[in-house]
Amino acid sequence: MKPIESSPLFQLQETTQEEQSLDFHPKQFDDYLGQKELKEKLAVYTQAAHMRKEPLDHLLLFGPPGVGKTTLAQIMAQVMQVNIKICSGPMLERTGDLVAILTGLESRDILFIDEIHRMPTAIEEVLYSAMEHFRVDVIIGQGVGAKSVNLPISPFTLIGATTKAGMITAPLRSRFGITERIDYYNEEDLQKIVLQNTQFLGLEFTDSAALLVAHVGRGTPRIAKKIVRRIRDFAQVSQITQVNEQFVHKALSFLAIDHEGLTDVDRLILRTIIERFNGGPVGLETLAALVGEDKETIEDVYEPFLLRQGYLEKTPRGRQISGKSLLYLKSKLVGQKTVS
């Protein structure tokens, strides 16, 4: 089997260096917990392509950050016994960067591009002929003496990952033979992931403790794993050998995470809307200025969870507290720094 590779020039964006060294990374579909229907589909696609000794159809994976898009791509490479090269859309600044990667691919290799919607237009246009005809156009020389050379490349699979599927251009989207969504995890699957990760870290968690972490994990394995690592720190300092539900409550209070998974920033956003705008609506830019976060961070990191939980509503006039929870949030948040 060929080893999984990633160019040092194009750093893996899905996880930090700490997460890569401390997280459990599944190598097979059986070890990948949750996303049952999607996992079954991808297992069939990759196994069929491997049996035919053909590259897998180009695949677009879209969904929220931290739900395992990169991990799935790595598993597919393992199943197909091919290399995978991983890069990020914003880091592909010049067409030469992409051409260098494409010409370095072997037959049936996988190229994984994270945040593919953020690629420059010139880079995207190079991908069109590469995806359809496995050829790239290279400009040799400069000025009037410049000429275009059509360079063949090995048949490969492009796996594009994005958190904003709506920002993928129609010409690029049409070139993907497979398009699949990865959604947030339910608490049962997230509990299993927590227990799997604690075993890898050498921690002993009770089932109820793992379920509590899953409950505050926002449906996202990456967030749940981060909480587990911080609980691990807290347990080690406290000289606790078995983590139970009571200890998790204590650790979450220390981390300023309440029983619904709200953080200090979440509470600040809600408290600002209540105290300054009587529940809203308020424009995103105004809210970002008052909270001290940029609007993209609020929109991409904090807002999706608050919307899913019913704490927040988006209207044409801006963000506002939902009617059903306004009184509850006022009594819980106004004048309080944290929620226990």
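Residues numbered from 1 in each chain as written. Predicted model: local features only at pLDDT ≥ 70, side-chain atom pairs only at ≥ 80, totals over all residues. Heavy atoms only, no water.

Participant: Just checking my understanding: could you explain the packing of aromatic side chains for this structure?
Facilitator: Each aromatic ring pair is characterised by the separation of its centres together with the angle its planes make. Counted by the stated rule, this structure contains three aromatic pairs. Taking the centre distance of 5.9 Å and the plane angle of 75° together, the rings of phenylalanine 134 and phenylalanine 156 count as edge-to-face. Linking phenylalanine 134 in the loop between α5 (121-133) and β4 (135-140) with phenylalanine 156 in the loop between β5 (147-152) and β6 (157-162), this pair joins segments that are 22 residues apart in sequence. With a relative accessible area of 22%, phenylalanine 134 lands in the partly exposed category. Centroid distance phenylalanine 234 to phenylalanine 247: 5.3 Å. Interplanar angle 35°. Geometry classified as tilted. Taken as a pair, phenylalanine 234 in helix α9 (residues 221-238) and phenylalanine 247 in helix α10 (residues 245-254) lie far apart in primary sequence, 13 residues in all. Phenylalanine 247 matches phenylalanine 234 in its accessibility class, with the two residues each being buried. Taken together, the ring pairs in this structure connect Phe234, Phe247 and Phe254 into an aromatic cluster. Over the face of the ring belonging to tyrosine 128 we find arginine 175, whose NZ or CZ atom lies 4.2 Å from the ring centre. (Phe/Tyr/Trp six-rings, centres within 6.5 Å; stacked < 30°, edge-to-face > 60°. Helix = DSSP H or I, 4+ residues; strand = E, 2+ residues; numbered from the N terminus. Buried < 20%, exposed > 50% of the residue type's maximum accessible area, 1.4 Å probe, protein only. Lys NZ or Arg CZ within 6 Å of the ring centre and 35° of its normal.)

Participant: Is there a simple way to think about the sheet that holds strand β7 (residues 178-181) in this case?
Facilitator: Within a sheet, neighbouring strands are paired by backbone hydrogen bonds and run either parallel or antiparallel to one another. Spatially, β2-β3-β6-β1-β7 is the arrangement adopted by the five strands of the open sheet, whose pairing is parallel. Only two strands of the sheet have a single partner each, and these edge strands are β2 (84-88) and β7. Between one strand axis and the next, the sheet turns by 15° as a mean value, whatever way the strands run. As paired elements, strand β3 (residues 110-114) and β6 share four bridges and run parallel to each other. Following the sheet pairing, isoleucine 113 is matched in β6 by glycine 160. Against the sheet, helix α2 (residues 36-52) makes contact with β1 (59-62) and β7, and its axis sits at roughly 155° relative to β7, the strand it touches most. The strands that helix α3 (residues 69-80) touches are β1, β2, β3 and β6; relative to β3, the one it contacts most, it runs at about 180°. (Pairing = 2+ DSSP bridges. Axes fitted to C-alpha atoms, helices over the stretch in contact; angles between N-to-C directions. Contact = heavy atoms within 4.5 Å.)

Participant: Just to check I follow, could you spell out unusual backbone geometry for this structure?
Facilitator: The phi angle of most residues is negative, glycine excepted, and most peptide bonds adopt the trans form. Despite not being glycine, glutamine 35 shows a phi value in the positive range, around 50°. Here glutamine 35 lies in the loop between α1 (17-22) and α2. Overall, the relative accessible area of 14% leaves glutamine 35 in the buried class.

Participant: Is there a simple way to think about the pairing of strand β11 (residues 318-321) in this case?
Facilitator: Taken residue by residue, a regular strand's side chains alternate between the two faces of the sheet. The sheet contact formed by strand β10 (residues 312-315) and β11 spans four bridges and is antiparallel. Within the sheet, the bridge partner assigned to threonine 315 lies in β11 and is glycine 318. The antiparallel pairing of β10 with β11 creates a hairpin that spans two residues between the two strands.

Participant: Please explain the nonpolar core as it appears in this structure.
Facilitator: Among the nonpolar cores identified, the biggest contains 50 residues, and Met76, Ile159, Phe205, Val213, Ile231, Val243 and Val248 are the most heavily contacted of them. Counting residues per element, this core draws most heavily on α3, at seven residues. Beyond its immediate chain neighbours, meaning those up to four positions away, methionine 76 contacts Phe29, Leu42, Thr46, Leu56, Leu59, Ile110 and Ile159. Counting residues in each nonpolar core, the second largest holds 25 residues, with Leu92, Ile116, Ala130 and Leu158 among its members. (Core = buried A, V, L, I, M, F, W, Y, C linked by side-chain atoms within 4.5 Å.)

Participant: When you look at the packing of helix α4 (residues 95-103) against α5 in this model, what are you seeing that I'm missing?
Facilitator: When two helices pack together, you describe them by how their axes are tilted relative to each other and by the distance separating the axes. Running from N to C, α4 and α5 point in directions that differ by 30°, and their axes come no closer than 9 Å. Here α4 lies roughly parallel to α5, going by the angle between them. Considering only the axes of α4 and α5, their crossing is right-handed. Residue-level contacts link Thr95, Leu98, Val99 and Leu102 of α4 to Ala122, Ile123, Val126, Leu127 and Ala130 of α5. (Parallel < 35°, antiparallel > 145°, perpendicular 65-115°, else oblique. Left-handed = near helix turned anticlockwise from the far one by under 90°.)

Participant: Would you explain the environment of alanine 209 in this entry?
Facilitator: Looking at the secondary structure, you find alanine 209 in helix α8 (residues 207-215). For alanine 209, a relative accessible area of 0% corresponds to the buried category. Spatially, the C-alpha atoms of alanine 209 and histidine 249 are 8.6 Å apart, while their sequence positions differ by 40 residues. Not counting chain neighbours up to four residues away, the residues in contact with alanine 209 comprise Val243, Asn244, Glu245 and Val248.

Participant: Can you walk me through the environment of glutamate 285 in this structure?
Facilitator: By the element assignment, glutamate 285 lies in helix α12 (residues 284-291). What makes glutamate 285 exposed here is its relative accessible area of 56%. Note: C-alpha distance between glutamate 285 and glutamate 296 (11 residues apart in sequence) is 9.5 Å. Looking at glutamate 285, its side chain comes within polar contact range of the side chain of lysine 295, at 3.1 Å. (Polar contact = N/O pair within 3.5 Å; in protein donor to acceptor, adjacent residues only side chain to side chain.)

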